[in-house]
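Commentary on secondary and tertiary structure
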Amino acid sequence: MPELPEVETTCRGIAPHVVNKIVQAVVVRQPQLRWPVPANLAEQVVGQKLLGVTRRGKYLVLRFATGHMLVHLGMSGNLRVVARREDPGYHDHVDIDFGAQCVLRLNDPRRFGAVLWTSAPLLEHELLAHLGPEPLEALFDADYLYQRSRKRKLAIKAFIMDSKVVVGVGNIYANEALHAAGIRPTRAAGTVSRAAMERLVSEIKQVLARAIEQGGTTLKDFVGGDGKPGYFQQQLLVYGRQGQPCRGCKKPLKEVRLGQRSTVYCTSCQR
DNA sequence: CAGCGCCCCTGCCCGC
DNA sequence: TGCGGGCAGGGGCGCT
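Reading guide: rules and limits
- Residues numbered from 1 in each chain as written.
- Chains lettered and ligands numbered in written order.
- Predicted model: local features only at pLDDT ≥ 70, side-chain atom pairs only at ≥ 80, totals over all residues.
- Heavy atoms only, no water.
- Domains from an automatic or database assignment.
- Contact = heavy atoms within 4.5 Å.
- Buried area = accessible area lost by both parts, 1.4 Å probe.
- Salt bridge = Lys/Arg side-chain N within 4 Å of Asp/Glu carboxyl O.
- Polar contact = N/O pair within 3.5 Å; in protein donor to acceptor, adjacent residues only side chain to side chain.
- Helix = DSSP H or I, 4+ residues; strand = E, 2+ residues; numbered from the N terminus.
- Nonpolar A, V, L, I, M, F, W, Y, C, P; charged D, E, K, R; others polar.
- 1 Å grid on protein atoms, 1.4 Å probe; cavity = no way out; pocket = protein on both sides within 12 Å on 5 of 7 lines; lining within 4 Å.
- Points joined across faces, edges and corners; volume = space filled by probe spheres on them.
- Buried < 20%, exposed > 50% of the residue type's maximum accessible area, 1.4 Å probe, protein only.
- Near = heavy atom within 4 Å.
- UniProt positions renumbered as here; feature names shortened; annotations may be inferred.
- Pairing = 2+ DSSP bridges.
- Axes fitted to C-alpha atoms, helices over the stretch in contact; angles between N-to-C directions.
- Parallel < 35°, antiparallel > 145°, perpendicular 65-115°, else oblique.
- Left-handed = near helix turned anticlockwise from the far one by under 90°.

Assigned domains within chain A: domain 1 (4–129) and domain 2 (142–265). Contact residues are listed per partner, giving 17 residues for domain 1 and 17 residues for domain 2. In total, domain 1 and domain 2 occlude about 1300 Å² of area from one another, counting both sides; carbon and sulfur atoms represent 66% of this. Together, Pro 5, Glu 6 and Thr 9 form the three largest contributors to the area buried by domain 1 at its contact with domain 2, with a combined 36%. At the junction of domain 1 and domain 2, the tally comes to 0 salt bridges. Along the contact surface separating domain 1 from domain 2 lie 1 residue pair in polar contact (both at pLDDT 80 or more). Taken together, the elements giving at least two residues each to the side of domain 1 that touches domain 2 come down to helix H1 (4–18) and strand S5 (78–82). With 9 residues, the top contributor of residues to the side of domain 1 that touches domain 2 is H1. Along the lines of polarity and charge, the residues of the side of domain 1 that touches domain 2 split into 6 nonpolar, 5 polar and 6 charged.

On to empty space enclosed by the protein. Using the criterion set out here, one finds 1 cavity of 30 Å³ or more in the structure. Roughly 50 Å³ of volume is contained in the largest cavity. Taken together, Leu 62, Met 69, Val 71, Leu 79, Val 94, Ile 96, Leu 104, Leu 106 and Val 115 make up the full set of residues lining the largest cavity. Elements with a contribution of two residues or more to the lining of the largest cavity: strand S4 (67–72), strand S6 (92–97) and strand S7 (103–107). Of the residues in the lining of the largest cavity, the class split is 9 nonpolar, no polar and no charged.

Once that is clear, we can look at helix H6 (residues 171–181). In an α-helix, one turn spans 3.6 residues; hence positions three or four apart end up facing the same way. Among the 11 residues of H6, 10 are classified as buried, and the element is accordingly described as predominantly covered. In this fold, the buried residues of H6 make contact with H1, helix H5 (156–160), helix H7 (194–213) and strand S10 (261–265). Once H6 finishes, Gly 182 follows within two positions and takes phi at roughly 70°, a positive value.

A word on the protein's contact with DNA strand B. In the region of DNA strand B, the neighbouring residues are Tyr 90, His 91, Pro 109, Arg 110, Arg 111, Phe 112, Arg 152, Lys 153, Leu 154 and Gln 260. When atoms of DNA strand B within 4 Å of the protein are split into backbone and base, the sugar-phosphate part holds 54%. For DNA strand B, a sugar or linking oxygen lies 3.2 Å from a polar atom in the backbone of Pro 109. Among the residues making up the surface near DNA strand B, the classes are represented as 4 nonpolar, 2 polar and 4 charged.

Under the local residue numbering, the UniProt record ascribes the feature "active site" (unreviewed entry) to Pro 2, Glu 3, Lys 58 and Arg 261. Looking at where Glu 3 falls in the secondary structure, it is placed in the segment before H1. Glu 3 gets classed as buried once you look at its relative accessible area, which sits at 5%. Look past the residues within four positions of Glu 3 in its chain and what remains in contact with it is Lys 58, Gly 168, Val 169, Gly 170, Asn 171, Ile 172 and Tyr 173.

If you trace the 4 strands from one edge of the open sheet to the other, you get S1-S6-S7-S5, paired in antiparallel fashion. In the strand order of this sheet, the two ends are held by strand S1 (25–28) and S5, each with one partner. Each adjacent strand pair in this sheet contributes to an overall mean axis angle of 15°, direction not counted. As paired elements, S6 and S7 share 5 bridges and run antiparallel to each other. Residue pairing in the sheet places Val 94 in a bridge with Leu 106 of S7.

This part takes up unusual backbone geometry. Positive phi outside glycine occurs at Arg 111, with the angle close to 60°. Within the secondary structure layout, Arg 111 lies in the loop between S7 and strand S8 (114–118). In the Ramachandran plot, Gln 260 falls in the positive-phi region, its phi being about 65° despite a non-glycine side chain. Within the element layout of this structure, Gln 260 appears in the loop between strand S9 (254–258) and S10.

On to the packing of H6 against H7, then. In the contact formed by H6 and H7, the axes pass within 8 Å of each other and the chain directions differ by 130°. Relative to H7, H6 is oriented oblique. Taken as a pair, H6 and H7 cross one another with a handedness that is right-handed. Across the interface between the two elements, Tyr 173, Glu 176, Ala 177, Leu 178, Ala 180 and Ala 181 from H6 touch Arg 199, Leu 200, Glu 203, Ile 204, Val 207, Leu 208 and Ala 211 from H7. For the contact of H6 with H7, a count of residues per class yields 10 nonpolar, no polar and 3 charged.

So this is what it looks like as structure tokens:
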């Protein structure tokens with residue numbers, strides 16, 4: 001479900017409700033997520049004030065005085081603020097209870113998500129230490145992507161989806177950005193021209209920024225931190241449109257499988 | 001090291 | 001209607 005815009009939407013949606021509130025209780029109904037939820041999570045945070053909610057890649061970072069709680073939504077997770085009286089449902093695995101009608105609730109049917117705790121300096125955490133730049137920050141530019149891609153033989157789509165290269169570009173937006181930039185997803189990263197990299201960086205930034213503005217892409221059941229669906233889905237030009245006409249040239253869009261992921265492109269507009 | 005495929009898991013959709 | 005197979009937005013990890 002969530003790509004970077006969905007995680008950012010969640011971050012913005014929950015922050016006003018939970019920041020500066022004190023954790024009253026932690027309820028773990030299902031500890032078996034991507035990694036086990038730490039057994040001592042409650043004792044780490046109960047009684048502590050949540051100082052801030054940020055995002056690094058697709059990891060949500062909840063900052064406390066003594067450390068950070070990392071939350072990843074995996075493929076099917078969502079994190080919402082609910083009233084305490086709202087009974088937990090199926091797949092509601094973890095509650096962070098702030099009292100006063102305010103519970104942060106993780107729901108994740110596939111359980112690819114994670115809830116972790118680290119008291120070491122945040123950026124030293126192994127899951128964050130080797131991440132590439134944020135796609136919407138200035139550090140991510142054509143120079144950077146061009147230099148890093150030289151001599152790389154893997155497909156450009158897999159390259160931009162590698163979180164060590166740049167974080168937060170998931171399958172949907174990789175498909176969309178490559179289409180907008182006129183680059184064939186299967187092309188070896190090292191053969192993409194400098195000019196094409198300029199377009200690609202620009203399109204990645206644009207597609208992510210637009211999706212964030214609109215509250216993310218709702219596929220199936222995504223809802224942001226406030227429970228509202230996103231509206232970006234209606235603007236997808238290639239993802240899920242295989243066989244349908246390219247909006248540019250009207251030729252049917254082709255679908256191939258790249259690294260076990262659905263890859264859709266126009267054989268005429270993308271070279 | 002780079003690159004590729006395999007999983008973790010549930011739900012849903014499709015074809016038989 | 002029931003069931004098996006394939007696929008789904010992520011991404012760490014192990015193998016070659």
